[in-house]
Amino acid sequence: MGYKELIEALKEDGERQIEHIRAEAQEKVNAIMKETESKIKDMGKAYEVRLTAEIEKRRGSILKEAEKEASRIRLTEQGKLSERLFSIARGLLQDLRDKDYREVFDALSGEIPDSKWVTVIVNPDDVELARSRFPDSKVIEDPSITGGFAVINSDGNVITNTFEKRLERLWPDLLPEIMKTIIKMYETPDR
């Protein structure tokens, strides 16, 4: 083999080796690209999982805060409603002063223990009833009393047996029932 042929053979061999190296390099590049794409995809999935978890965490926190705020508002509004209902109920006490009120006054008087009652406090319209029922007592008029009375004995002990005091005592039992009725009215659609 001559010099030219040797050079030509080396050149062809070099080109084959270069082509082989290029092919191997391209395979490695392709493998690296595939691996990189897979890693990017995995990172994207991991990020998506973390992001979803963070969103759920924040969503839960936001919902919990919203529920607390809604509960606070509900309690505040129920308190206002309770006060309004109590005011309405108190305003309706006047209706208890019907034609049988004398019997009611006597019944209220019969509920208190016997004592030397020195003072009786009543609605201005009940002065005569108080004088007839408590003849030895000083009668004081109080327009804030709708019905019933308050009595004070010689020891300074006071018994309040007014419509207002009775409503006040019964209110904790009445309110839940009234609220249930109101809630049912708003839950049941008119159809």
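Below you will find a few notes about this structure. In this text, all values refer to a predicted model and were calculated from it rather than measured experimentally. (Residues numbered from 1 in each chain as written. Predicted model: local features only at pLDDT ≥ 70, side-chain atom pairs only at ≥ 80, totals over all residues. Heavy atoms only, no water.)

Moving on, we get to the overall build of the protein chain. Looking only at helices and strands, the protein chain has four helices and four strands in total. Helices and strands in the protein chain line up, N terminus first, as α-α-β-α-β-β-β-α. Relative to the 2.2 N^0.38 estimate, which gives 16 Å for 191 residues, the radius of gyration of the protein chain is 46 Å and therefore markedly larger than a compact globule would have. Projected onto the principal axes, the alpha-carbon positions of the protein chain cover approximately 155 × 50 × 25 Å. For the protein chain, with 191 residues in total, the buried portion stands at 21%. (Helix = DSSP H or I, 4+ residues; strand = E, 2+ residues; numbered from the N terminus. Rg over C-alpha atoms; globule rule 2.2 N^0.38 Å. Buried < 20%, exposed > 50% of the residue type's maximum accessible area, 1.4 Å probe, protein only.)

This paragraph deals with the packing of aromatic side chains. Under the definition given, this model contains five aromatic pairs. With centroids separated by 6.0 Å and ring planes inclined at 90 degrees, the aromatic side chains of tyrosine 101 and phenylalanine 163 adopt a geometry described as edge-to-face. Taken as a pair, tyrosine 101 in helix H2 (residues 101-110) and phenylalanine 163 in helix H4 (residues 163-187) lie far apart in primary sequence, 62 residues in all. In terms of burial, tyrosine 101 and phenylalanine 163 fall into one category: buried. Arranged with centres 5.4 Å apart and planes meeting at 65 degrees, the rings of phenylalanine 134 and phenylalanine 149 form a pair that is edge-to-face. You can see phenylalanine 134 sitting in the loop between helix H3 (127-133) and strand E2 (138-141) and its partner phenylalanine 149 sitting in strand E3 (residues 148-153), a full 15 residues away along the chain. Like phenylalanine 149, phenylalanine 134 is buried. (Phe/Tyr/Trp six-rings, centres within 6.5 Å; stacked < 30°, edge-to-face > 60°.)

Inside soluble globular proteins, nonpolar side chains tend to come together where they are buried. Counting residues in each nonpolar core, the largest one holds 23 residues, and the members touching the most others are Phe105, Val120, Val122, Phe134, Phe149 and Val151. Of all the secondary-structure elements, those providing two or more residues to this core are helix H1 (3-92), H2, strand E1 (117-122), H3, E3 and H4. Apart from residues no more than four positions distant in its own chain, valine 151 is found in contact with Ile112, Trp117, Thr119, Val120, Phe134, Asn157, Val158 and Ile159. (Core = buried A, V, L, I, M, F, W, Y, C linked by side-chain atoms within 4.5 Å. Contact = heavy atoms within 4.5 Å.)

Taken across its six residues, E3 has five buried, putting it largely inside the fold. Both E1 and E3 contribute to a ladder of five bridges, which runs antiparallel. In the strand pairing of E3, valine 122 is matched with phenylalanine 149. Two strands pair when backbone bridges link them, and E3 and strand E4 (residues 158-162) are joined in this way by five bridges, in the antiparallel orientation. Bridge pairing in E4 links valine 151 to isoleucine 159. Here E3 hands over to E4 after four residues, with glycine 156 in that stretch at a positive phi of 90 degrees. (Pairing = 2+ DSSP bridges.)

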